[in-house]
Every structure is written in C-alpha cells, then in structure tokens.
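# Structural features, examined
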Amino acid sequence: VECVKEIKLLGVVLDNKLSFQHHISSLLAVCSQRFYLLKLLRDQGMPLSCLHGVYVSIVVNRIAYCLSAWGGSVKQEDVNKINSLFRKARRCRFTDTVYDFEGLLAYSDEKLFASVCCDNHCLNHLLEKGAPESIELRERGHCYVLPQCHTNIRRRSCIPRLLYKFI
C-alpha cells in the first residue's frame, strides 16, 4: 500500500490528517471559476430567477456534496471563507438568497439522519438500537445508543455527530 499525503475519493479530497483544508481550497477554486460563467450569463441578460437556478446547481450543490461527511471537521476560518463566497454571489447579483454553511450542514445532516434510520440504508448497521430502560428517561429524538467518543476526530465524524445532534 502506497502512503500518500492526500487523495481524491468520490470527489472529496482526503488528507493524512483528516483536516479537509485541501478539499475546501479546491472547492473554493472551482466555485470561483463557476462565478465567471455566472457573470457571463448575467451579462447576456439572463433573468435573476434563472440565474439563481444555475447558481444553486453549479455552486451551492457543489459545496453541499458529501457535506455531512466532511462538514463536521471544518475549521471556523474555512467556514468564514465559504460564507464569504455565498455573500459574494449575492453582491454579484447571481442570486437574491444568501446561503450559509451552518444552515446547509444542518439541512444535510437532517436528510442523512432520516435516511440512515431506515433499515435498508447502507449505514444503518452503524447505529446500535438501545435496550429499553427500566427507569424513565426524557423523550429522545431517536432510540439509538449514544457512542462514547474519546477523540475529537471521532466526535466530529458523521454518525456520532448526528446521534448527539438529534437527541
């Protein structure tokens, strides 16, 4: 097995420290290139409603791709860069809506958790059903056992983050 510092797997750049900084920098570079295309479309007279649809398709969906997998490990400075890109799109009149990273991550997490809870989902085996307690506990949003996370990498990973988020 060859040891590498980073690899692109299914469109997500993974590095040997699981920091996702290379992924975010390449993501921002691609989105900046797509802003040029949006500028050309805007200058040719495309209406704002159509331009918004193209913007969501080629920029927002690019950022939202696999967001639940890498979104929990993003540093605040990278979140600020992504939010700055969303604000720039509004200033450039590509859209009338300002998206934010935290909102996209929350929406992505909700969708993923709802689908993972189905028995036929490929990640469902990672969820452990809890035994019925003999004592009365407060109502939870799910019936799964909360895993113990001893490291930050484990705590920020997808399944534990979802389980603790939707208690």
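Our subject is the structure listed above.
Here's a quick rundown of the structure. From a predicted model like this one, the values you see are computed outputs, not experimental measurements. Numbering of residues starts from 1 in every chain and runs along the sequence as written. For a predicted model such as this one, the threshold for reporting local features is a pLDDT of at least 70, and the threshold for listing and counting side-chain atom pairs is 80 or more; totals across whole chains, interfaces and linings nevertheless cover every residue. Side-chain metrics rest on all non-hydrogen atoms present in the structure, leaving aside hydrogens and water.

## Focus on the nonpolar core
Rules: We call a set of buried residues a nonpolar core when its members are Ala, Val, Leu, Ile, Met, Phe, Trp, Tyr or Cys and they connect through side-chain atoms within 4.5 Å of each other. Using a 1.4 Å probe on the protein chains alone, a residue whose accessible area is under 20% of its type maximum counts as buried, one over 50% counts as exposed, and one in between counts as partly exposed. Strands here are runs of E lasting at least two residues and helices are runs of H or I lasting at least four, both read from the DSSP assignment and numbered beginning at the N terminus. Every residue pair with non-hydrogen atoms within 4.5 Å of one another is taken to be in contact.
Core analysis: the biggest nonpolar cluster contains 26 residues, and Tyr-55, Val-59, Ile-63 and Trp-70 have the highest contact counts within it. Listed by contribution, the elements that provide at least two residues to this core are α1 (21–43), α2 (48–64), α3 (67–70), α4 (76–91) and α5 (101–116). The contact partners of Trp-70, leaving out residues within four places of it in the chain, are Val-12, Phe-20, His-23, Ile-24, Leu-27, Ile-63, Tyr-65, Ile-82 and Phe-101. One finds Tyr-144, Cys-158, Ile-159 and Leu-163 within the second-largest nonpolar core, a separate group that totals nine residues.

## A word on the packing of α2 against α4
What counts is decided by this rule: Axes here refer to lines fitted to C-alpha atoms; in helices the fit is confined to the stretch in contact. Angles between the N-to-C directions go from 0 to 180 degrees. Each angle gets one of four labels, with under 35 degrees taken as roughly parallel, over 145 as roughly antiparallel, 65 to 115 as roughly perpendicular, and the rest as oblique. Polarity classes work like this: nonpolar for Ala, Val, Leu, Ile, Met, Phe, Trp, Tyr, Cys and Pro, charged for Asp, Glu, Lys and Arg, and polar for all others, with Gly in that last group.
Interhelical geometry of α2 versus α4 gives an angle of 170° and a closest axis separation of 12 Å. With respect to α4, the axis of α2 lies roughly antiparallel. For the pair formed by α2 and α4, the contact residues are Tyr-55, Val-59, Val-60 and Ile-63 on the first element and Ile-82, Leu-85, Phe-86 and Ala-89 on the second. Broken down by class, the residue content of the contact of α2 with α4 amounts to eight nonpolar, no polar and no charged.

## Describing helix α7 (residues 158–165)
Counted residue by residue, α7 has six buried out of eight residues, so it is predominantly covered. Inspection of α7 places Cys-158, Ile-159, Pro-160, Arg-161, Leu-162 and Leu-163 among the buried residues, and these make up the whole buried set.

## What about the state of the cysteines?
Where we set the bar: Note that a disulfide, as used here, is simply two cysteine sulfur atoms within 2.5 Å.
What the rule picks out here adds up to zero disulfides. Free of any disulfide, Cys-50 has its nearest cysteine sulfur in Cys-92, 19 Å distant. Taking relative accessible area as the criterion, Cys-50 reaches 40% and is therefore assigned partly exposed. Take Cys-92: it sits in no disulfide, and the sulfur closest to it among the cysteines is that of Cys-31, at 13 Å. Relative accessible area serves as the criterion here: at 22%, Cys-92 is assigned to the partly exposed category.

## Side note on the pairing of strand β2 (residues 12–15)
Counted only if it meets this: Two strands qualify as a pair provided DSSP detects at least 2 bridges between them.
Here strand β1 (residues 6–9) runs beside β2; their pairing, made up of four bridges, is antiparallel. Paired with Lys-8 across the two strands is Val-13, which belongs to β2. Hairpin remark: β1 followed by β2, antiparallel, with two residues in the connecting loop; positive phi at Leu-10, about 55°.

## Re α5
To keep things clear, this is the line we draw: How far a helix is expected to stretch is found by multiplying one less than its residue total by 1.5 Å. The reported arc concerns the directions from the helix axis to the C-beta atoms and nothing else.
With 16 residues, α5 extends 22 Å from end C-alpha to end C-alpha; this agrees with the ideal 22 Å at 1.5 Å per step. For α5, the set of buried residues is Phe-101, Leu-104, Leu-105, Ser-108, Asp-109, Leu-112, Phe-113 and Val-116. Relative to the axis of α5, the buried residues are bounded by an arc of 155° and lie together on one face. Away from the buried face of α5 by more than 90 degrees, exposed residues Tyr-107 and Lys-111 are located. On its buried face, α5 is in contact with α2, α3, α4 and α7.

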